[in-house]
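# Commentary on secondary and tertiary structure
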Amino acid sequence: MTAKQVTARLADWIVGLDAAAIPVEVREEGVRTFVNWVGCAVGGARHETADRALAAVEPFSGPRKATVLGRPEKLDALHAALLNGITSHVLDYDDTHLKTIIHPAGPVASALLALAEIRPLSGRDLLTALIVGVEVECRIGNAVYPDHYDRGWHITGTAGVFGAAAAVGRAIGLDARKMRWALGLAATQSAGLREMFGTMTKSFHPGRAAQNGALSAFLAEAGYDSSEQGIEAPRGFANVMSDKQDYSEILDDLGTRWEAALNSYKPFACGIVIHPTIDGCQQIREEIGARVKDIASVKLTTHPLVLELTGKRTPRTGLEGKFSVYHSAACALLRGDGAPTAFTDEVVNRPEIVALRDNVTATADPKCHEASVTIEVAFKDGSTLKKHIERAIGSRERPLTNEQLETKFMNQAKLVIGEGRSRALLDLAWTIEDLDRAAAVAEASLPDAKLRSAAG
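Residues numbered from 1 in each chain as written. Predicted model: local features only at pLDDT ≥ 70, side-chain atom pairs only at ≥ 80, totals over all residues. Heavy atoms only, no water.

## Details of the overall build of the protein
For the protein, the helix and strand inventory stands at 22 helices and eight strands. For 456 residues, the compact-globule estimate of 2.2 N^0.38 gives 23 Å, and the C-alpha radius of gyration of the protein, at 22 Å, lies within 12% of that figure. When its C-alpha atoms are laid out on the principal axes, the protein stretches across 70 × 55 × 40 Å. Expressed as a percentage of its 456 residues, the buried residues of the protein come to 59%. Across the protein, the fraction of contacts at a sequence separation of at least 24, relative to all contacts at a separation of at least 6, is 77%. Looking at the protein as shown, the accessible area adds up to about 16,900 Å², and 51% of this sits on carbon and sulfur atoms. In the protein, the 51 positive side-chain charges and the 57 negative ones have mean positions that sit 3 Å from each other. (Helix = DSSP H or I, 4+ residues; strand = E, 2+ residues; numbered from the N terminus. Rg over C-alpha atoms; globule rule 2.2 N^0.38 Å. Buried < 20%, exposed > 50% of the residue type's maximum accessible area, 1.4 Å probe, protein only. Contact = heavy atoms within 4.5 Å. Areas by Shrake-Rupley, 256 points an atom, 1.4 Å probe, with all protein chains shown as cover. Lys, Arg positive; Asp, Glu negative; His and termini not counted. Charge placed at Lys NZ, Arg CZ, Asp CG, Glu CD.)

## Quick notes on the sheet that holds strand β5 (residues 295–302)
The strand order across the open sheet built from four strands is β6-β5-β7-β8, with neighbouring strands paired in mixed fashion. Of all strands in the sheet, those bounded by a partner on one side alone are β6 (360–364) and β8 (384–389). Taken pair by pair, the neighbouring strands of this sheet meet at an average axis angle of 15°, ignoring direction. Sheet topology places strand β7 (residues 373–379) next to β8; six bridges connect them, and they run antiparallel. (Pairing = 2+ DSSP bridges. Axes fitted to C-alpha atoms, helices over the stretch in contact; angles between N-to-C directions.)

## Considering unusual backbone geometry
In this structure, Pro-146 follows Tyr-145 across a cis peptide bond, with omega equal to 5°. In this fold, Pro-146 is placed in the loop between α6 (123–144) and α7 (147–150). With a phi close to 65°, Ile-101 is a non-glycine residue in the positive phi region. Within the element layout of this structure, Ile-101 appears in the loop between β3 (95–97) and α5 (105–116).

## Side note on the nonpolar core
One finds Leu-10, Val-38 and Phe-162 to be the most contacted residues of the largest nonpolar core, which totals 97 residues. Once residues within four sequence positions are removed from consideration, Leu-10 is found in contact with Val-136, Ile-140, Leu-183, Ile-231, Ile-250 and Leu-251. Cys-270, Phe-323, Val-347 and Ala-362 belong to the second-largest nonpolar core, a separate cluster that totals 50 residues. (Core = buried A, V, L, I, M, F, W, Y, C linked by side-chain atoms within 4.5 Å.)

## Concerning the pattern of salt bridges
Tallied over the full model, the rule gives 28 salt bridges. Ionic contacts of the salt-bridge type, sharing partners, join the residues Lys-99, Asp-253, Arg-257 and Glu-259 into one network. (Salt bridge = Lys/Arg side-chain N within 4 Å of Asp/Glu carboxyl O.)

## Some details on the state of the cysteines
A complete count under the given rule lists zero disulfides for this structure. Note on Cys-40: no disulfide assigned, nearest cysteine sulfur contributed by Cys-270 at a separation of 13 Å. In this structure Cys-331 is not part of a disulfide, and its nearest cysteine sulfur, from Cys-270, lies 9.9 Å away. (Disulfide = S-S within 2.5 Å.)

## Quick word on the packing of α5 against helix α8 (residues 155–171)
Here α5 crosses α8 at 35°, and the two axes come no closer than 7 Å. Regarding α5 and α8, the two cross each other, and that crossing is right-handed. The residues of α8 that touch α5, namely those facing Pro-107, Val-108, Ala-111, Leu-112 and Leu-115, are Thr-156, Gly-160, Gly-163, Ala-164, Ala-167, Val-168 and Ala-171. Residues of the contact of α5 with α8, tallied by class, amount to nine nonpolar, three polar and no charged. (Left-handed = near helix turned anticlockwise from the far one by under 90°. Nonpolar A, V, L, I, M, F, W, Y, C, P; charged D, E, K, R; others polar.)

## What to know about helix α1 (residues 6–16)
All of the buried residues in α1 are Val-6, Thr-7, Ala-8, Leu-10, Ala-11, Trp-13 and Ile-14. The secondary structure elements touched by the buried residues of α1 are α6, α8, α9 (176–188) and α12 (248–251).

## What to know about the pairing of β8
Alternating residues of β8 divide into Leu-385, Lys-387 and Ile-389, all buried, and Thr-384, Lys-386 and His-388, none buried. Where β7 folds back onto β8 in an antiparallel hairpin, the turn is made up of four residues, including Gly-382, whose phi is positive at roughly 95°.

## Points about the packing of aromatic side chains
All chains considered together, the criterion is met by five aromatic pairs. Taken together, a centroid distance of 5.9 Å and an interplanar angle of 55° make the contact between Trp-13 and Trp-258 tilted. Note that Trp-13 is positioned in helix α1 and Trp-258 in the loop between α12 and β4 (263–265), a separation of 245 residues in sequence. On the basis of relative accessibility, which here comes to 7%, the residue Trp-258 falls in the buried class. Both rings, one in Phe-162 and one in Phe-237, keep their centres 5.0 Å apart while their planes meet at 70°; by these two values the pair is edge-to-face. Here Phe-237 lies in helix α11 (residues 237–241) and Phe-162 lies in helix α8, a separation of 75 residues in the sequence. For Phe-162, a relative accessible area of 0% translates into the label buried. What makes Phe-237 buried here is its relative accessible area of 4%. For the cation-ring pair, Lys-408 lies above Tyr-93, with the distance from its terminal atom to the ring centre recorded as 4.4 Å. (Phe/Tyr/Trp six-rings, centres within 6.5 Å; stacked < 30°, edge-to-face > 60°. Lys NZ or Arg CZ within 6 Å of the ring centre and 35° of its normal.)

## Description of helix α20 (residues 419–430)
Because each turn of an α-helix spans 3.6 residues, side chains separated by three or four positions in sequence point in the same direction. Between the first and last C-alpha of α20 there are 17 Å, a value that for 12 residues agrees with the 16 Å anticipated at 1.5 Å per step. Residues Ser-422, Leu-425, Leu-426 and Ala-429 constitute the buried set of α20. Down the axis of α20, the sector holding all buried residues measures 105°, keeping them to one side. Elements that come into contact with the buried residues of α20 comprise α2 (24–43), α19 (402–417) and α21 (439–443). (Expected span 1.5 Å × (residues − 1). Arc of directions from axis to C-beta.)

## Observations regarding the environment of Ile-231
Position of Ile-231 relative to the elements: it lies in the loop between α10 (201–221) and α11. Between the C-alpha atoms of Ile-231 and Phe-162, which are 69 residues apart in sequence, the distance is 9.6 Å. In contact with Ile-231, not counting residues within four places along its chain, are Val-6, Thr-7, Leu-10, Ile-140, Phe-162, Gly-236, Phe-237, Ala-238, Tyr-247 and Ile-250.

## Some remarks on the side chain of Arg-71
For Arg-71, the location among the structural elements is in the loop between β1 (66–67) and β2 (74–75). A residue is classified by how much of its surface remains accessible, and Arg-71, at 5% relative accessible area, is buried. A distance of 2.7 Å separates a polar atom in the side chain of Arg-71 from a polar atom in the side chain of Asp-51. (Polar contact = N/O pair within 3.5 Å; in protein donor to acceptor, adjacent residues only side chain to side chain.)

This is the structure in structure tokens:
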């Protein structure tokens, strides 16, 4: 497909989509996306990354009308979008569009819920805008992936800003021309480098995408113009930031082929390509029981991308541990753990974890699918055990059920806002489409008084 009118045609679709035309199954997946995002945003609210980000931006906040989920502090809407994008991603526990490795909800939902606290927005309209934003960012991601990602761009940040702009623009009623401007403003703010993986800055990317995408929509609303070919122009997003430009991925079958229906949800709080290894190692732990202490070595055979993304041999911090297939294998075998508790500074440096980690080797095999792994465990008595994982739990082939999503939500949120408030918040998130005020979700995320006191 040629590059003619890509931004304009996409803008027309965003503005003109009849909400009633979104299939039921797509809306249901949108609800699951929202529920998972709320849990992750609350779950990451007390991470030191959030503390430091809040300390940095709070002095510069405008009117404090928007909630940082899971915390008592309020900020202006743009800074709240930034913070909630950070907290929802910092544990690396959020949703994943597996075709592009985009984490769709962080940029989009963070911007929308902040908007809902400053302008009237029903839950149904928020959900529609969320689905639109996820669709836009994933289609734009499809158009440039994998070349764009291979260059070193963090696609959640670079594509996510388009999703946030589209979602907020839809929610505030931009016309087609102003939506073109919003997409152009988003294009010029597209950013995020994979070099930052394993540091606090990785979670800054979806936060900034949320903030900048919302700003793009507000600027366009005020008549602030931009190129109307921000995606496809010779010096626009796709040509500057990628060697691949497949515009059919953006425009073909709009409204009939839904990328938003393909979202998946992590059972483990780390890079998605490690999930097969954790799944397999947990299964091995269950099978061998006490023999886990007799493991001499572990050999992983996996796709080269796994080692490119998660090949940190000697992680020193919890954030680095999220990008170490070696740590993840050792922790899953010794502790059966792939939750946020597996990726703290303390656990990453435990002597028994380090000892087994040092005896984990990984071989890259291009013939191995990036979502698969073969694990070979050798025991001290010379015996061996081999397991192959074709697709991990949480994949599209083995998706998390609603019940598993609820367990994941509660396990994160109750540590931050208390069990009772977490249950009430979860119930509210499931009913987002029925709420007259979407802002009620943000308001329900405050921690109880005891936890607020304990957090200082």
